[in-house]
Amino acid sequence: MAAVDIATAHTIDFVRQWAPPGASILEIGGGRGDLAAALSRDGYAVTMIDAAPEAVAAAQAKGIAAHQAVWPQFPSLSVDAVLFTRSLHHIEGLSAALEAARARLNAGGVILVEDFDFPSANEATIRWFVAQARRTAASNTLTAHSFAAVILAARDPFATWTHDHDHEHHSIGAIDEALGAVARIVSREDAAYLYRHLISAGADESPVKAAFGEELSAIERGLIVGVGRRIVAKAHP
Ligand SMILES: C[S@@+](CC[C@H](N)C(=O)[O-])C[C@H]1O[C@@H](n2cnc3c(N)ncnc32)[C@H](O)[C@@H]1O
């Protein structure tokens, strides 16, 4: 059985809180299908779409029912959960995207959003990430041009922090508002997120695991901000 990486396992914990194994899931913007594959192994019935053909091909190679489509253009399908992981801030036409997601829900179904709020990071949080990136770089080669590599090379990490996320279409505030307009928000949570930016393909996962544990603990002690966001919504009764 394929090993599940720490970031995928973290997201699976979130999905499990709201949809039991066996549930049908439409994952939108699923990328290369690692999460979809792990959810399928856990007993979920997953359909994945992504706009990028190479991502879809990679997901199909993992045995996923993956389709190349630009949401909300996708044939009708009703599911127990519609899942967006780090994809919603990229999707043009936020209201239409979320209205279409709500329209696909079975009775009692949920929309699950996992995203982030970079502007919420305070100075302590940014300093924490720089230190983690430095520590990870000492034992792993950071992926070239990754956020961690860019922050480490930056003369002013605080300016770079904001600049690096300027290209995103939607803020978490806009996502929250658009979701609340089409469905009933039942949960909002902050989450550990920055450790994900320390992952580099094929590298030793132990520094990332250590950073994940430290991020959770620092958030719990109020030392840094949890930059991850998880929002859950249900159709209005
Ligand atoms: C940052 S990646 C996230 C991938 C994956 N969910 C993850 O967490 O690693 C965003 C993905 O959303 C996809 N995407 C963006 N807009 C889309 C749309 N309208 N419909 C389907 N996929 C879309 C992109 O092709 C990309 O694979």
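Conventions we followed
- Residues numbered from 1 in each chain as written.
- Predicted model: local features only at pLDDT ≥ 70, side-chain atom pairs only at ≥ 80, totals over all residues.
- Heavy atoms only, no water.
- Near = heavy atom within 4 Å.
- Polar contact = N/O pair within 3.5 Å; in protein donor to acceptor, adjacent residues only side chain to side chain.
- Areas by Shrake-Rupley, 256 points an atom, 1.4 Å probe, with all protein chains shown as cover.
- Buried < 20%, exposed > 50% of the residue type's maximum accessible area, 1.4 Å probe, protein only.
- Helix = DSSP H or I, 4+ residues; strand = E, 2+ residues; numbered from the N terminus.
- Pairing = 2+ DSSP bridges.
- Core = buried A, V, L, I, M, F, W, Y, C linked by side-chain atoms within 4.5 Å.
- Contact = heavy atoms within 4.5 Å.
- Phe/Tyr/Trp six-rings, centres within 6.5 Å; stacked < 30°, edge-to-face > 60°.
- Axes fitted to C-alpha atoms, helices over the stretch in contact; angles between N-to-C directions.
- Parallel < 35°, antiparallel > 145°, perpendicular 65-115°, else oblique.
- Left-handed = near helix turned anticlockwise from the far one by under 90°.
- Nonpolar A, V, L, I, M, F, W, Y, C, P; charged D, E, K, R; others polar.
- Salt bridge = Lys/Arg side-chain N within 4 Å of Asp/Glu carboxyl O.

S.K.: How should the site of the ligand be read in this particular structure?
M.R.: In the region of the ligand, 14 residues are neighbours, and G29, D50, W71, T85 and R86 sit closest. Contacts to the ligand include W71, whose backbone N or O atom sits 2.9 Å from a nitrogen atom. A distance of 2.8 Å separates an oxygen atom of the ligand from a polar side-chain atom of R86. Here the ligand loses 72% of its free accessible area of 590 Å² to cover by the protein chains.

S.K.: Got a minute to help me understand the pairing of strand β5 (residues 105-116) in this structure?
M.R.: For a regular strand, side-chain orientation follows a simple rule: the groups alternate between the two sheet faces. With 9 of 12 residues buried, β5 is to be regarded as a mostly interior element. Note that strand β4 (residues 79-85) and β5 share 6 bridges and pair parallel. Within β5, the position partnered with L83 by the bridge is L112. Here β5 runs beside strand β7 (residues 228-234); their pairing, made up of 7 bridges, is antiparallel. Looking across to β7, one finds that E114 is bridged to R230.

S.K.: Where do I start with the nonpolar core in this structure?
M.R.: Inside soluble globular proteins, nonpolar side chains tend to come together where they are buried. Ranked by internal contacts, the top residues of the largest apolar core, which has 27 residues, are I28, W71, F84, L88, L98 and V113. Sequence-distant contacts of I28, that is, excluding residues within four places in its chain, are made with I49, W71, V82, L83, F84, S87 and I91.

S.K.: I would appreciate a short explanation of unusual backbone geometry in the present structure.
M.R.: One can expect most non-glycine residues to show negative phi and most peptide bonds to be in trans. The peptide bond linking W71 to P72 adopts the cis configuration, its omega dihedral lying at 15 degrees. Mapping P72 onto the fold places it in the loop between β3 (65-68) and β4. Notably, R86 is not glycine yet its phi reads approximately 55 degrees, a positive angle. Tracing the backbone shows R86 in the loop between β4 and α4 (94-103). Using a relative accessible area of 21% as the deciding quantity, one classes R86 as partly exposed.

S.K.: When you look at the packing of aromatic side chains in this model, what are you seeing that I'm missing?
M.R.: On inspection of all chains with the given rule, the structure shows 9 aromatic pairs. Both rings, one in F118 and one in Y193, keep their centres 6.0 Å apart while their planes meet at 90 degrees; by these two values the pair is edge-to-face. Placement of the pair is F118 in the loop between β5 and α5 (123-139) and Y193 in the loop between β6 (184-191) and α9 (206-220), with a sequence separation of 75 residues. Grouping residues by exposure puts F118 and Y193 together as buried. Ring centres 5.5 Å apart and planes at 20 degrees place the aromatic pair F129 and F147 in the stacked group. One end of the pair, F129, is in helix α5; the other, F147, is in helix α6 (residues 147-153), and 18 residues separate them in sequence. Judged by its relative accessible area of 5%, F147 falls in the buried class.

S.K.: I'm lost on the packing of helix α1 (residues 6-18) against helix α2 (residues 34-41) in this one. Help?
M.R.: A pair of packed helices is characterised by two quantities: the angle between their axes and the separation of those axes. For the pair α1 and α2, the least separation of the axes is 10 Å and the interaxial angle reads 55 degrees. By the criterion of interaxial angle, the relationship of α1 to α2 is oblique. The handedness of the crossing between α1 and α2 comes out as right-handed. Packed against α1, whose contacting residues are T8, T11, I12 and V15, the element α2 presents D34, L35, A38 and L39 at the interface. Each residue belonging to the contact of α1 with α2 can be placed in one class, and the counts come to 5 nonpolar, 2 polar and 1 charged.

S.K.: In this structure, what is going on with the packing of α4 against helix α8 (residues 172-182)? I would like to understand it.
M.R.: As a packed pair, α4 and α8 sit with axes 9 Å apart at the nearest point and diverge in direction by 45 degrees. By the angle between their directions, the pair α4 and α8 is classed as oblique. As α4 runs across α8, the sense of the crossing is right-handed. On the side of α4, the interface is formed by L94, S95, L98, E99 and R102, while α8 contributes A174, I175, A178, L179 and V182. Residues of the contact of α4 with α8, tallied by class, amount to 7 nonpolar, 1 polar and 2 charged.

S.K.: What's the story with α1 in this structure? I'm lost.
M.R.: Since one α-helical turn is 3.6 residues long, residues separated by three or four positions face the same way. Regarding α1, the residues found buried are I6, A7, T8, H10, T11, I12, F14 and V15. Buried residues along α1 sit against β1 (24-28), α2, β4, β5, α9 and β7. Between the side-chain oxygen of the N-cap and the backbone nitrogen of A7 there are 3.2 Å, and the N-cap of α1 in question is D5.

S.K.: What exactly am I supposed to notice about the pattern of salt bridges here?
M.R.: Oppositely charged side chains may form a pair once their charged atoms are brought near each other. Counted by the stated rule, this structure contains 11 salt bridges. R102 is paired through a salt bridge with E99; the nearest N and O atoms lie 2.5 Å apart. With R102 and E99 both in helix α4, this residue pair falls 3 residues apart, about one helical turn. Look at E99 and you get partly exposed, because its relative accessible area is 34%. E114 is the salt-bridge partner of R196, the closest N and O atoms lying 3.5 Å from each other. In this pair, R196 sits in the loop between β6 and α9 while E114 sits in strand β5, placing the two residues 82 residues apart along the sequence. The exposure class of R196 is buried, given its relative accessible area of 13%. For E114, a relative accessible area of 3% translates into the label buried. In the salt-bridge network here, residues are joined through shared partners; they are R86, E114, R196 and R230.

Shape is all these values report; function is a separate question.
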